Protein chains: 2
Amino acid sequence: MCNVPIMKMGAGVEWGIHCCLTLAWLEGAGPVPIGRLARWFDLPPEYLKKRLQLLARAGILESTPGVQGGFSLGRRPERITLMDIVAALEGSAGPFQCTEIRQRGVGGHGAEFTGDCSIKTAMRRAELAWRRELAAQSIADLMASAPPASAERTRRRYADLASG
Amino acid sequence: MCNVPIMKMGAGVEWGIHCCLTLAWLEGAGPVPIGRLARWFDLPPEYLKKRLQLLARAGILESTPGVQGGFSLGRRPERITLMDIVAALEGSAGPFQCTEIRQRGVGGHGAEFTGDCSIKTAMRRAELAWRRELAAQSIADLMASAPPASAERTRRRYADLASG
DNA sequence: GGGTACATACTCGGATAGTGGCTGTCCGAGTGTCAGAGG
DNA sequence: CCTCTGACACTCGGACAGCCACTATCCGAGTATGTACCC
């Protein structure tokens, strides 16, 4: 029971962030096709494609069709926050959905109160703290916190992957 | 698509908080049976029972069997935080489950890095901010932020519900 | 009158569906690149 | 040498099935109260 997540977040979020980080390191080498990214992380290509399409639709990634097309970063790594990626992949609604049960049933207040119930407010406050932390972290920050050799190694391995 | 929650949290959380708040206001009037709470909020009794059982197992509520039994608060309202309720109902694992995809596939680092990946760290930081906010809010705080007449009205309506 | 047995009203725990979202796959359509044929 | 045409390698978007957690319900068992019955 203790392995059940408090709030479930799709696996695509982890995929998306990793792909953005990799694309950031591979910037300048041209678009990266889905198949290569999927082999890179050993992920199902078709489903990964769906996730990256969402990121492209949000402007986080850029997709170029054609024979040498693929996905590349849609804007500078400093301007891509984790919040952007999460919102693009999972939607914009918060984790706590207030169904206003206080207004139903015998004990309900009916339309007596028009303001938000205090529970909704309290949960929203926590959610905002979470969003703020996510928005404060950009892809560039993740790049900076990684070992200095990461960029070089990523480019080298990608070259091997492209040639092999 | 914009109605899809970022992280899904079960509806039982809202139920649980509302029930705790109601039980706090009804303290001193003896245990409240499930059927009455369910009618109070117009919720399915059997499923609500399952949720409150989880709260009782966590020590947040106290359940007394027998003919005049029911649920009551397991400890003082000041010592029941929203984090306690959420953790008891949804489990203790975080929303972001790092599956370490960086270690898989062609581009993976294998066992090269033993530390946590920076993505996991960043997501955990946001999650901790969320937890901290939830832990800072207690049932007593919610009671204090409600209109002063709430306690009296709750007790009066409960008396009507019990007699009717 | 006092003690015992039974009915009652609850909770506890397990077993069992229904439902919706996430996961994963397949297919047709559109688009840009490149090679090759023809002028 | 230049241009046009076709093959190719991608992305885009929709349709579809499988799986799992949440939701919801039912049933038997346990427990405390309250009453009725018997001595």
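Now for a look at the structure at hand. (Residues numbered from 1 in each chain as written. Chains lettered and ligands numbered in written order. Predicted model: local features only at pLDDT ≥ 70, side-chain atom pairs only at ≥ 80, totals over all residues. Heavy atoms only, no water.)

Remarks on the side chain of A:E14
Heads up, the rule is: Only DSSP runs of H or I covering at least 4 residues are called helices, and only runs of E covering at least 2 are called strands; the numbering of each starts at the N terminus. The contact criterion used throughout is that any non-hydrogen atoms of two residues lie within 4.5 Å.
Here A:E14 shows up in helix α1 (residues 11-25). Apart from the residues lying within four places of it in its own chain, the contact partners of A:E14 are B:F96, B:Q97, B:C98, B:T99, B:E100 and B:I101.

Quick look at the environment of A:F71
All names here are of chain A. Mapped onto the fold, F71 is located in strand β2 (residues 70-73). A sequence separation of 63 residues divides F71 from L134, and the C-alpha atoms of the two residues are 23 Å apart. For F71, the contacting residues outside a window of four places in its chain are L23, P31, V32, P33, I34, L52, Q53, A56, L61, E62 and S63.

Some details on the pattern of salt bridges
Applicable threshold: For this analysis, a salt bridge means a side-chain nitrogen from Lys or Arg found within 4 Å of a carboxyl oxygen belonging to Asp or Glu.
Inspection of the entire model under this criterion finds eight salt bridges over all chains. A salt bridge links B:R75 to B:D84; the shortest N-O distance between them is 3.2 Å.

Examining the packing of aromatic side chains
All names here are of chain A. For clarity, the cut-off: Any two rings among Phe, Tyr and Trp, with Trp reduced to its six-membered ring, count as a pair given centres within 6.5 Å; such a pair is stacked if its planes are under 30 degrees apart, edge-to-face if over 60, and tilted if neither. Between buried and exposed lies partly exposed: a residue is buried under 20% and exposed over 50% of the maximum accessible area for its type, with that area taken using a 1.4 Å probe on protein chains only.
Evaluated as defined, the whole model comprises five aromatic pairs over all chains. Here the aromatic rings of W15 and Y47 are separated by 5.6 Å at their centres, their planes lie at 85°, and the arrangement is edge-to-face. One end of the pair, W15, is in helix α1; the other, Y47, is in helix α3 (residues 45-57), with 32 residues separating them in the sequence. According to the relative accessible area criterion, W15 is buried, its value standing at 9%. Each member of the aromatic cluster is reached from another via a ring pair, and the members are W40, F41 and Y158.

Examining the protein's contact with DNA strand C
Cut-off, in case you're wondering: The nearness test applies per residue and asks whether one of its heavy atoms lies within 4 Å of the molecule or strand. Within 3.5 Å is the distance limit for a polar contact, defined as a pair of N or O atoms, with the added protein rule that one can donate a hydrogen and the other accept it, and that residues adjacent in sequence qualify only through two side-chain atoms. Polar here means any residue outside two lists: the nonpolar Ala, Val, Leu, Ile, Met, Phe, Trp, Tyr, Cys and Pro, and the charged Asp, Glu, Lys and Arg; Gly therefore counts as polar.
The local shell around DNA strand C holds 27 residues, among which A:A11, A:Y47, B:I34, B:K50 and B:S63 are the closest. In DNA strand C, atoms within 4 Å of the protein come from the sugar-phosphate backbone in 58% of cases. Residue A:V67 places a main-chain N or O atom 3.5 Å away from a base nitrogen belonging to DNA strand C. Within the backbone of B:V67, one N or O atom sits 3.3 Å away from a sugar or linking oxygen of DNA strand C. Those elements giving two or more residues to the surface near DNA strand C turn out to be α1 and α3 of chain A together with α2 (34-41), α3 (45-57), β1 (61-64) and β2 (70-73) of chain B. For the surface near DNA strand C, the per-class residue count stands at 12 nonpolar, seven polar and eight charged.

Looking at the protein's contact with DNA strand D
Near DNA strand D there are 27 residues, and of these A:I34, A:K50, A:S63, B:A11 and B:Y47 occur at the shortest range. Backbone atoms, meaning sugar and phosphate, make up 59% of the atoms of DNA strand D lying within 4 Å of the protein. Between DNA strand D and the protein, one listed contact pairs a phosphate oxygen with a backbone N or O atom of B:A11 at 2.6 Å. The separation between a base nitrogen of DNA strand D and a polar side-chain atom of B:E46 is 3.1 Å. Looking at the surface near DNA strand D, the elements with two or more residues in it are α2 (34-41), α3, β1 (61-64) and β2 of chain A together with α1 (11-25) and α3 of chain B. Split into classes, the residues belonging to the surface near DNA strand D amount to 12 nonpolar, seven polar and eight charged.

A look at unusual backbone geometry
A positive phi is found at A:D42, a non-glycine position, where the angle reads about 60°. A:D42 sits in the partly exposed class, given a relative accessible area of 48%.

So, the environment of B:C20
All names here are of chain B. Among the structural elements, C20 can be located in helix α1. Given a relative accessible area of 1%, C20 falls into the buried group. In sequence terms C20 and G74 are 54 residues apart; their C-alpha atoms lie 9.8 Å from each other. In this structure C20 touches L55, I60, L61, L73, I85 and I139, once residues within four positions along its chain are discounted.

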